[in-house]
Amino acid sequence: MTDILTVLGIESSCDDTAAGVVRGQPGRVGEILSNVVWDQSQLHGAFGGVVPEIAARAHAEKLDLAVEAALREAGLGLADVDAIAVTAGPGLIGGVLSGVMCAKGLAAGTGKPLLAVNHLAGHALTPRLTDAVAFPYLLLLVSGGHCQFLRVEDWDRFTRLGGTIDDAPGEAFDKTAKLLGLGYPGGPLVEAEAVSGDPARFSLPRPLLDRDGCDMSFSGLKTALKRQRDALVTPEGGLHRADRADLCAGFQRAVVEVLAEKSRRALAAAGPVSAFAVAGGVAANGSIRAALEDIAGAAGTTLVSPPLKLCTDNGAMIAWAGLEALAAGHVSDPGFVARPRWPLDHRAAPMIGSGKKGAKA
Amino acid sequence: MHSRLVLASEVETRHLAKAMLPHLKPGDCLLLEGPVGAGKSAFARALIQQQMAQDGTVEDVPSPTFTLVQNYETSRGPFCHADLYRLSDSTELIELDFPDVFESAICLIEWPARLGSLKPERHLLVTLDIRAEPEMRNITLRTFGQGWEWVQELEAATQFPTNVA
């Protein structure tokens, strides 16, 4: 019988500065006492992209305030938490370092144990925080920067079944939106535009669909879309609204079909699993979600999809991953270092960049 | 000096990368220009993967759009693959180890206009664009500064249609 644990989590590996506090025990739905995320996407939509908090200083200036806010919202002091968890990678090294330094400082000042958490493990274990999903389960992590299938076997055991060999789907949505003059973030805008479009009008490729396995490619789709756009713009001197909607619908259908077919194969390859979980910002897309629900149903399992604010970068997921580690009796060596690269599955050959598998080989 | 090559496919892009690779050394900077979807990342990935194949190493070469910079240690020296699109001003470059990295690594820089005054005078400008014909793209190589004489030899090495102006 594991004790109820309370863990503070700190996340600063990319654009967001975040801190959260969770309480609970593995195997039961956790309680999120606070989840403070300070991001900048709303401020910088005009740029057609998030202006990242690349400066270590910018994260460092906000981190202690985020921790303070998270503790205040949780109604706790530092003395009340059992451990401090922090993203130690992978990510932008400046941001990761700021978080690690902040966590080490807090641990040194309070004597609390430290937990170095892999950012991807935070995403991968979120379905246990929100839905107490039992091991093993299949996870599709699909976001702006990531796209991979993971068989989650334990808090520290993940098998990568496949992933993108170039761009992530979120990036493809953002760049499609940019090509079509739709603004940022691209996902919701392309989805809204696709509603009135005809997905069958343009023939866009389904990269790697004809290939065995669970690897995916989205970079070529973006180039095909650009060709189609240019073919429409050249004679007309511009893009008609209806054309744009049809392009969005065609693009979205291509992404949906690739994700659906590869999910079907991943479920077959994963063997018996307790659920098919999807995490990451792209899971907010209604068409993608519907397709994945069908695939899960056909495979005799259910789709578990945490709420969007727990699918994107946040501190609560880092706290939960730390909580699972702590409950298993694990504490990190206080001398751990930030790691800009940190694959979850050390046994699998990397899917991207393995010599035989060029983007279109 | 500039060369314009017409490449018919990504396979040919990889052949070009293979021909360029033996000439590259730390301190060389390739600025990759072209619109979204032109193949900038594919070209950079081809170079890095070619080097890894020679080294017998296997590592991910993901898109640098979200991480801004991806660094690779190779037998030829470090590679720095950067996508500067999301940067708002060049002061942020200091945090990413620019301009020091220009001295120490083989740099492959997408959206190089963001470099502003940090742009190195000596560089190879690679301009990519897709053509209307399926799979076809233009790659234009323009050299700035000394030490790029080998670029002219690429015509023979690649066996692709090349115009040297």
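Because the structure is a prediction, the values reported are computed rather than measured. (Residues numbered from 1 in each chain as written. Chains lettered and ligands numbered in written order. Predicted model: local features only at pLDDT ≥ 70, side-chain atom pairs only at ≥ 80, totals over all residues. Heavy atoms only, no water.)

## Observations regarding the side chain of Arg265(A)
Residue and element names in this part refer to chain A.
- As for its placement among the helices and strands, Arg265 is situated in helix 7 (residues 241–270).
- For Arg265, a relative accessible area of 18% puts it in the buried group.
- In terms of polar contacts, Arg265 uses its side chain to reach the backbone carbonyl oxygen of Leu209, at 2.6 Å. (Helix = DSSP H or I, 4+ residues; strand = E, 2+ residues; numbered from the N terminus. Buried < 20%, exposed > 50% of the residue type's maximum accessible area, 1.4 Å probe, protein only. Polar contact = N/O pair within 3.5 Å; in protein donor to acceptor, adjacent residues only side chain to side chain.)

## Brief notes about the sheet that holds strand 1 (residues 5–11) of chain A
All names here are of chain A.
- Within the open sheet, the five strands sit side by side as 3-2-1-4-5. Their pairing is mixed. Each edge of the open sheet carries a strand with a single partner, namely strand 3 (31–38) and strand 5 (114–118). When strand polarity is set aside, the average angle formed by the axes of neighbouring strands in this sheet is 20°.
- As paired strands, strand 4 (residues 83–89) and strand 5 are joined by five bridges and run parallel to one another. Pairing of Ala85 across the sheet is with Leu115, part of strand 5.
- Sitting on the sheet, helix 2 (residues 93–110) is in contact with strand 1, strand 4 and strand 5, with an inclination near 160° to strand 4.
- The sheet contacts of helix 10 (residues 315–327) involve strand 1, strand 2 (17–24), strand 3, strand 4 and strand 5, and relative to strand 1 the element is tilted by about 135°. (Pairing = 2+ DSSP bridges. Axes fitted to C-alpha atoms, helices over the stretch in contact; angles between N-to-C directions. Contact = heavy atoms within 4.5 Å.)

## What about helix 3 (residues 119–131) of chain A?
Residues and elements named next belong to chain A.
- In this model helix 3 runs 19 Å from its N-terminal to its C-terminal C-alpha over 13 residues, within 8% of the 18 Å that 1.5 Å per residue would give.
- The element helix 3 is extensively covered by neighbouring structure, given that 12 of its 13 residues are classed as buried.
- Along helix 3, the residues that are buried comprise His119, Leu120, Ala121, Gly122, His123, Ala124, Leu125, Thr126, Pro127, Arg128, Leu129 and Thr130.
- Sitting at the head of helix 3, Asn118 places a side-chain oxygen 2.7 Å from the backbone nitrogen of Leu120.
- In the segment just after helix 3, Ala132 is the residue with positive phi, at about 50°. (Expected span 1.5 Å × (residues − 1).)

## Here's the deal with the pairing of strand 6 (residues 123–130) of chain B
Residue and element names in this part refer to chain B.
- Along strand 6, six of the eight residues are buried, which leaves the element largely enclosed by surrounding structure.
- Pairing geometry for strand 2 (residues 29–33) and strand 6, over four bridges, is parallel. Bridged to Leu32 within strand 6 is Val126.
- Bridge count between strand 6 and strand 7 (residues 137–144): eight bridges; the pairing is antiparallel. Each residue of the ladder has a partner; that of Ile130, found in strand 7, is Arg137.
- Count of turn residues in the strand 6/strand 7 antiparallel hairpin: six residues, of which Glu135 carries a positive phi of about 70°.

Read these as spatial facts, not as claims about activity.
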